[in-house]
Amino acid sequence: MQVFGGDVAKLGEAPEEARRRGLFDALAGDTPVAYALVAPAFFLLLFLVAYPFVLSLWFSLSDARVGDTGTFVGLENFRRLLGSGIFLQTLQNSIVFTAAALSLKTVFGMALALLLFRIVRFKKIIRGAVLLPFIVPTALSTLVWWWMFEPLYSVVNWTLKSLHVVQRDIPWLPDPYLAMFTVVLVNTWRGLPFFAITILAGLVAIPREMYEAAECDGARAAGRFWYITVPLLKPVLAVVILFSAIFTLADFNIVYILTKGGPINMTHLFATYSFVLGLQSGQIGQGAAVSLFLFPILLVVVFFQLQMVRRATTYE
Amino acid sequence: MPTVHAESVPRVRGVSRRQFLRVTGAGATGLGAVLASGRAPAIAQTRELTFLTIASFVPDTDKELKRQFEEWGAKNKVKVRLDIIAHLQLQTKKAAEVQARSGHDLTALGPGLGDADLYYDYLADLNDIAGDVAPKNGGWLSPNDYLIRGKWKLLPWWQPPFPMAVRTDLLEQLGEKSPDTWEDWLRIGKKGKAIGHPFGTAMGHSGDANVTLLSILWSYGGSYVAKDGNRITINSKETRQAMEFVKRLYTEAMDPEVLAWDDSSNNRCLNAGKCIAIHNPISAYESAKKDKVLVPGTQKEIAEVIDHIHTPRGPVDRKATTGFWCVGVWNFSKNIDLAKDFLRYHFQPENQNKWVEAGHGFNMPFLQNLTKHAVYKSDKQYRFIPEVAKVTVPPSWPGPTSAASQQVWDLYIVPDMFAQHATGKMTADQAIAWAEKEMQEIYAGRKKRP
């Protein structure tokens, strides 16, 4: 009776349960769940990436000033920038800075990764320590670099003079070319761990059999590096260079703390010049135009680099 | 019978229905009004006045300001909050507050009067305060300089005048007495450099570089913008003369490190015993005295061999500028009247006196009576400060202060023009042409909108 009664009860509830199940099925279906899971990331991207980007795009095409969204002026801000000697110098500096820092980071990052790959003892401690420059807040570490290179009490100069390597102070920051060298050096120091650790991950993933086969065929170390390591690291290298190019081009802290764009504007980068124009002088439209000046070129570079990554991955 | 009926109405704890309806009705209306206005009723509001300012190079100044602010708050039953930040952070903070139309009620402005033009639409008019303050303090030093578009959008607050801070023992050693002109300093700097004590003035991206190089430009009869505020006047034979002088000063009397100096580098150079003289406010001396810094290799305090003399004159004039630090009230503040009331209090003669005394005269107000403050007679070091204040003009002189002149300052156009020639990167004509183009572009860009 109980069973029967129970069955009767179930039969009585069937339409409601079916409705409930239908709702459950609908909720449990692939599409709504997918939307629900993607929604947080989508809204984060929308508000934290898309909105600021569209806003800065608008600013660059407007005569916006601090406290005023401005009116549309087309490409006027970009035209004015091209007539400014400081901007042209900034453009040149940014290209030199990015190219030099990226080259150094790639070469030394690869060397450091190979070294880390070979180290067996205290592996974890050493790999952790290598990451330190990347972890320490840039403003703080750059202040230490400033202290090391500052014109009056440079500890680097003091050491070099004490060791009789040089007789006079080296003008690390006052000399326009040495100042550029210094900011590149600090950027390289800071970005090196990112390169080294990412390349190291790529090295670990290369099958050992390939090296063994090459050794059997009589390939030397240089050959193995050039014909096995480099081709198989290409996808990793392309991604790491791409990311680093974007970060390096947008660098602000290092230059602002070490040189403030000087001497004679020889170390101004897009970010520091944009800061002066947009925030200090209140010309937000012009500041945004400086920031976005290289965007179209970067877009093309990113497109081709990603194409290369895809091709390389397919080959692998 | 109405009375009987009224008495027969049930009462809850002594409250009649009518009283209940009256009270709850008034409450609902009040709540509705509060919700509609978005503000708490006056009785529930905690009045708070906030003030954003910069850390002074003489910290006692900030302590005295805080004391006055708190004293005023206690008298008026207003909660006060003074936020002190590094001067280099003020630019971004101001911009962020204006962009958000929210932040502090009172704010420090500067360096320079340009903020009054840049933030003209967001600053409350202070004509009434400026009018009240002046007669009590003997009048403003140069009121016409502080009016922006005919209005008092800020109150000029304090300036650190730029005398020459010199090493008397080294001058004596070199047989030099009473140097007074820029040419004197070229000669002395040359001799000083030969014995390891060069002259020092910043020539890079720093406020001090703007101050000293503009002072030299004016002293040679040059300027960068005409009185009408429209015509760029940098391309002149006077500018060429000033540039040739600075080139000699840089190559013969200074070390190349000045190209990378910040605002504190010259202080360090003097206090480290290296520089024979620097063009700077009294802050270097104050810190040397406070920290009992010694002349290297001796037991003598360096403060004892530092003296401050008049800012040098050139062949045409004796002029200097400085950071014109100002104070203003945002017009989006909900406490404009309170902010004005505090300004009236702070600018009372007795409070100004105490404040200047706390700053040891570093913070000279732009008020006639305060330039004669007893502190400037208390130490012979300060004797020239009032004299320097008399020849101190805004950085855009003879042109009016504007957002464009502020941008010329912020982009370090004048120091870069001098440095490009001094370092041999450009000829004088090329450097002047470069600066002229940049300035014309800045002024033209600012003119496009009212």
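Residues numbered from 1 in each chain as written. Chains lettered and ligands numbered in written order. Predicted model: local features only at pLDDT ≥ 70, side-chain atom pairs only at ≥ 80, totals over all residues.

### Here's the deal with the environment of Ser333(B)
Residues and elements named next belong to chain B.
No. 1: Note that Ser 333 resides in the loop between strand 9 (325–329) and helix 14 (336–346).
No. 2: On the basis of neighbour counts, which here come to 22 C-beta atoms within 10 Å, the residue Ser 333 falls in the buried class.
No. 3: Along the chain, Ser 333 and Ser 102 lie 231 residues apart, while their C-alpha atoms are 7.3 Å from each other. (Helix = DSSP H or I, 4+ residues; strand = E, 2+ residues; numbered from the N terminus. Buried ≥ 20, exposed ≤ 12 C-beta atoms within 10 Å, placed from the backbone.)

### Brief notes about helix 9 (residues 176–205) of chain A
No. 1: Compared with the 44 Å implied by 1.5 Å per residue over 30 residues, the 43 Å span of helix 9 of chain A between its first and last C-alpha is a close match.
No. 2: Gly191(A) marks the point of greatest bend in helix 9 of chain A, at about 40 degrees, and the proline Pro193(A) comes within the next four residues. (Expected span 1.5 Å × (residues − 1). Bend = angle between axes of the 7 residues up to and from the residue.)

### Some details on the domain arrangement of chain B
All names here are of chain B.
No. 1: According to the domain assignment, chain B contains domain 1 (46–160 + 322–390) and domain 2 (175–320 + 411–447).
No. 2: Computed from C-alpha coordinates alone, the two centres of domain 1 and domain 2 are separated by 28 Å.
No. 3: Contact with domain 1, which involves 14 residues of that partner, is made by 13 residues of domain 2.
No. 4: Partitioning the side of domain 1 that touches domain 2 into residue classes produces eight nonpolar, five polar and one charged. (Domains from an automatic or database assignment. Contact = placed C-beta atoms within 7 Å. Nonpolar A, V, L, I, M, F, W, Y, C, P; charged D, E, K, R; others polar.)

### Let's talk about the sheet that holds strand 8 (residues 306–309) of chain B
Residues and elements named next belong to chain B.
No. 1: Spatial strand order, 6-7-5-8: four strands in an open sheet with mixed pairing. Sheet topology places strand 6 (199–200) and strand 8 at the edges, where each strand pairs with a single neighbour.
No. 2: Across four bridges, strand 5 (residues 164–167) lies against strand 8 in antiparallel orientation. In the sheet register, Ala 165 faces strand 8, and the bridge partner there is His 308.
No. 3: The sheet strands contacting helix 13 (residues 283–291) are strand 5, strand 7 (277–279) and strand 8, and the helix crosses strand 8 at an angle near 160 degrees. (Pairing = 2+ DSSP bridges. Axes fitted to C-alpha atoms, helices over the stretch in contact; angles between N-to-C directions.)

### Notes on the pairing of strand 9 of chain B
Residues and elements named next belong to chain B.
No. 1: Counting buried positions along strand 9 gives five out of five residues, so the element sits mostly inside the fold.
No. 2: Burial along strand 9 is two-sided: Trp 325, Val 327 and Val 329 facing one way and Cys 326 and Gly 328 facing the other are all buried.
No. 3: Bridge count between strand 3 (residues 106–109) and strand 9: four bridges; the pairing is antiparallel. Residue Leu 106 lies in a different strand from strand 9, and its bridge partner there is Val 329.

### Re the interface of chain B and chain A
No. 1: Listed per partner, the contact involves 35 residues of chain B and 26 residues of chain A.
No. 2: Among the elements of the structure, helix 4 (90–100), helix 12 (265–271), helix 18 (403–410), helix 19 (413–422) and helix 20 (428–447) of chain B are those that each provide at least two residues to the side of chain B that touches chain A.
No. 3: Within the side of chain B that touches chain A, the residues separate by chemical class into 14 nonpolar, ten polar and eleven charged.

### Notes on the environment of Cys275(B)
Residue and element names in this part refer to chain B.
No. 1: Its location among the elements puts Cys 275 in the loop between helix 12 and strand 7.
No. 2: Taking the C-beta count within 10 Å as the criterion, Cys 275 has 30 such neighbours and is therefore assigned buried.
No. 3: In sequence terms Cys 275 and Met 254 are 21 residues apart; their C-alpha atoms lie 9.0 Å from each other.
No. 4: Excluding residues that lie within four positions of it along the chain, Cys 275 makes contacts with His 197, Pro 198, Phe 199, Gly 200, Asn 266, Cys 269 and Leu 270.

### Observations concerning the sheet that holds strand 3 of chain B
Residues and elements named next belong to chain B.
No. 1: The strand order across the open sheet built from five strands is 2-1-3-9-4, with neighbouring strands paired in mixed fashion. A strand with exactly one partner marks an edge of an open sheet, and here the two such strands are strand 2 (79–85) and strand 4 (155–158). Strand-to-strand twist of the sheet, defined as the mean angle between neighbouring strand axes without regard to direction, takes the value 25 degrees.
No. 2: The pairing of strand 4 with strand 9 spans three bridges and is classified as antiparallel. Bridging from a neighbouring strand, Pro 156 pairs with Cys 326 of strand 9.
No. 3: Lying over the sheet, helix 14 contacts strand 1 (48–54), strand 3, strand 4 and strand 9, oriented at roughly 145 degrees with respect to strand 9.

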